[in-house]
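One-letter residues, chain by chain:
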Amino acid sequence: MKRAFKYRFYPTPDQATQLKQTFGCVRKVYNLALETRDRAWKEERRRIRYSDTSAMLTEWKRQDDLAYLSQVSSVPLQQTLRHLSTAFDRFFAKVSGHPRFKSRKATRQAAEYTRSAFRWRDGALTLAKMTTPLDIRWSRPLPTDSQPTTVTVSLDAAGRWFVSILVEDRPQRPREVATAAGVDFGIRSLVTLSTGEKVSHPGGGRRQAGRLAKAQRELARKKAGSKNQTKARRRVAAVHARIADRRRDVLHKLSTRIVQENQLVVIEDLPVRNLMGNRSLARSIAHAAWAELRRMLEYKCAWYGRTLVVVDRFFPSSRMCSTCARVCDSLPLGVREWTCGGCGTRHDRDHNAAKNLLTVGQTVSACGADVRPQRKHSGRAVGDEAGKPRARAVGVPAPEGRGGCQTANSWKAMVFSTG
């Protein structure tokens, strides 16, 4: 499979100027192509393909006001046209929204180089139009005997330069284990495992929140359009980057540990977008990054040959007793511990939910419930034949309890595996 390895690098002044010019040209070509496609559809009801925009690019370079497009490598310009074509394909397939124009004030600028636009020799990477290789900080080695196929250079809002190198790789799969884990996402604790272990959120949250508030107050006092405002905006972006880096580091370490230690991982299909509408919990949910943790678990299970079961969001994992399967009528979010009215067992809310998720996952894995079509809200494709996870929606028998109307196969679970 193809894997991307991301590194930080420090360009020379000439390289930085060349790359920033490339970013501007990529943005200009993308916006010109998007405007042309929109106008052709509105005025003539005619669709323009990638081949048409590629021919237009040649004509644009011949115009006096767009002659600067010839001063950068043509490969990133062609790649941005391919990305636009892909965005329209996803739009017509109703997978994503209509493509939007790129802004020079965007938090991230990037350009993509294919094999013909860079030179890889003795571990040194040199981009087109440059005479010296990039000064890359090799924080981890690339796979042995790997040859990059695509290189993406990016600049974030904090002024940090990154290069992402795409190579062919075959991750070494660990031996199979007999353990399984139910993982309940939470707000007070980042996750709670079925073993009872609770993983807390990244430390320093209040300290970073104070730094962010101070930096934002300083930004609000600056004169609009001034250099001081630009510097203050860079300081705000640096604090945001520090928070995001710390969160990403915790999620990577946690997801890798969970996948390597368990053959079966069971999580819940939480409607994160809907939950973000709760003004009281939106900040905490965003800080927890449940969607990102789920994404990491999906592709890492595919890498290491594990199975990921995603239980339907309507499964009452918190309200159902993990001892007698009795479902209580209601359980407010503020109730962290409760006693089952049927068997009298005292439950920790999150631990009980994790144990119920594990039970459902093991049932699906062992018994193989009825296979159902995947729900529409899942949207995106989750795998292909290159070893990525394939998903199938599986019926989960509902327990008998006080819920009354629950019947067999009331809920569904999606099973992610490498087949």
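Residues numbered from 1 in each chain as written. Predicted model: local features only at pLDDT ≥ 70, side-chain atom pairs only at ≥ 80, totals over all residues. Heavy atoms only, no water.

Following the sequence through the fold, Asn-31 ends up in helix α1 (residues 13-44). In contact with Asn-31, other than residues within four places in its own chain, are Phe-101 and Lys-102. (Helix = DSSP H or I, 4+ residues; strand = E, 2+ residues; numbered from the N terminus. Contact = heavy atoms within 4.5 Å.)

Let us now look at the nonpolar core. With 41 residues, the main nonpolar core has Leu-19, Leu-125, Leu-127, Val-153 and Val-163 as its most contacted residues. The biggest single contributor to this core is α1, with ten residues. The contacts of Val-163, once residues within four sequence positions are left out, are Phe-5, Lys-6, Tyr-7, Phe-9, Leu-125, Ile-136, Val-151, Thr-152 and Val-153. With 25 residues, the next largest nonpolar core counts Phe-185, Val-191, Val-259 and Leu-293 among its residues. (Core = buried A, V, L, I, M, F, W, Y, C linked by side-chain atoms within 4.5 Å. Buried < 20%, exposed > 50% of the residue type's maximum accessible area, 1.4 Å probe, protein only.)

The antiparallel open sheet is built from five strands, whose spatial order is β2-β6-β7-β1-β5. Single-partner strands in this sheet number two, and they are β2 (108-114) and β5 (136-137). Two elements, strand β6 (residues 150-156) and strand β7 (residues 161-168), share six bridges in a ladder whose sense is antiparallel. Within the sheet, the bridge partner assigned to Val-153 lies in β7 and is Val-163. Of the strands in this sheet, β1 (2-9), β2, β6 and β7 are in contact with α1, which crosses β2 at around 95°. (Pairing = 2+ DSSP bridges. Axes fitted to C-alpha atoms, helices over the stretch in contact; angles between N-to-C directions.)

Turning to the packing of aromatic side chains, a few remarks are in order. For the structure on display, the rule yields eight aromatic pairs. Centre to centre, the rings of Phe-88 and Phe-92 are 6.0 Å apart; their planes meet at 35°, and the pair counts as tilted. Of this pair, Phe-88 and Phe-92 both sit in helix α3 (residues 74-92), four residues apart, which is roughly one turn of the helix. The interplanar angle of 85° and the centroid separation of 6.5 Å between the aromatic rings of Trp-303 and Tyr-304 together place this pair among those described as edge-to-face. Each member of the pair, Trp-303 as well as Tyr-304, is classed as buried. Within the aromatic cluster, the residues linked to one another by ring pairs are Tyr-7, Trp-120 and Trp-138. We note Lys-6 situated over the ring of Phe-162; from NZ or CZ to the ring centre the distance is 4.7 Å. (Phe/Tyr/Trp six-rings, centres within 6.5 Å; stacked < 30°, edge-to-face > 60°. Lys NZ or Arg CZ within 6 Å of the ring centre and 35° of its normal.)

Here we come to the pairing of strand β8 (residues 180-185). Among the six residues of β8, five are classified as buried, and the element is accordingly described as predominantly covered. As paired strands, β8 and strand β11 (residues 264-268) are joined by three bridges and run parallel to one another. Paired with Gly-182 across the two strands is Val-266, which belongs to β11. In terms of strand pairing, β8 meets strand β9 (residues 191-193) through three bridges, oriented antiparallel. Along β9, the bridge assignment pairs Phe-185 with Val-191. Linking β8 back to β9 in an antiparallel pair, the connection comprises five residues.

Once that is clear, we can look at the environment of Val-236. Within the fold, Val-236 resides in helix α5 (residues 227-261). The class for Val-236 is buried, based on a relative accessible area of 9%. A sequence separation of 20 residues divides Val-236 from Gln-216, and the C-alpha atoms of the two residues are 6.2 Å apart. When neighbours within four sequence positions are excluded, Val-236 is seen to be in contact with Leu-212, Ala-215, Gln-216 and Leu-219.

No statement about biological role is implied by the geometric values presented.
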